[in-house]
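Each chain, letter by letter, is given below.
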Amino acid sequence: GWTYIFWSALLVKLKIDDAVDAIPVHFGNGIWGCIAVGLFAEPTRTINAFGEHGHYGWFYSWGNGSADAHLLAAQVCGVLWIIGWVTVIMLPYFLILNAIGLFRVDA
């Protein structure tokens, strides 16, 4: 909820038109979902899902006297990769739609 409210308010402040609030729902909450794994991945559940690898959520590592942020760094890299990939794939599509007048529908 709070991520949606933050991203929605940011779009209003930046005057970005998003009629159905797709950016806060998908972009904002998607980023939070990925980063939350890097922060809160609990060791027992992580071991059950992926086996023993020694890298868990940053708060769990920090609580055990380690500052291991490998999982958090991997999640941040993943978020940046996804943003780059979507930009490269979708920007030409949106530019073409805009050029032929189909990007926005008349009210």
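Residues numbered from 1 in each chain as written. Predicted model: local features only at pLDDT ≥ 70, side-chain atom pairs only at ≥ 80, totals over all residues. Heavy atoms only, no water.

1. Observations concerning the environment of Val 76
- By secondary structure assignment, the location of Val 76 is in helix α5 (residues 70–99).
- By relative accessible area, Val 76 is classed as partly exposed at 34%.
- Here the alpha-carbon distance between Val 76 and Cys 34, two residues 42 residues apart in the chain, equals 7.6 Å. (Helix = DSSP H or I, 4+ residues; strand = E, 2+ residues; numbered from the N terminus. Buried < 20%, exposed > 50% of the residue type's maximum accessible area, 1.4 Å probe, protein only.)

2. Section: α5
- Over its 30 residues, α5 runs 43 Å from end to end, which matches the ideal 44 Å to within 8%, given 1.5 Å per residue.
- The principal kink in α5, of about 35 degrees, is found at Met 90, preceding the proline Pro 92 by one to four residues.
- Considered for burial, the residues of α5 that qualify are Leu 71, Leu 72, Gln 75, Val 79 and Leu 97.
- A positive phi of about 80 degrees marks Gly 101, the residue just after α5. (Expected span 1.5 Å × (residues − 1). Bend = angle between axes of the 7 residues up to and from the residue.)

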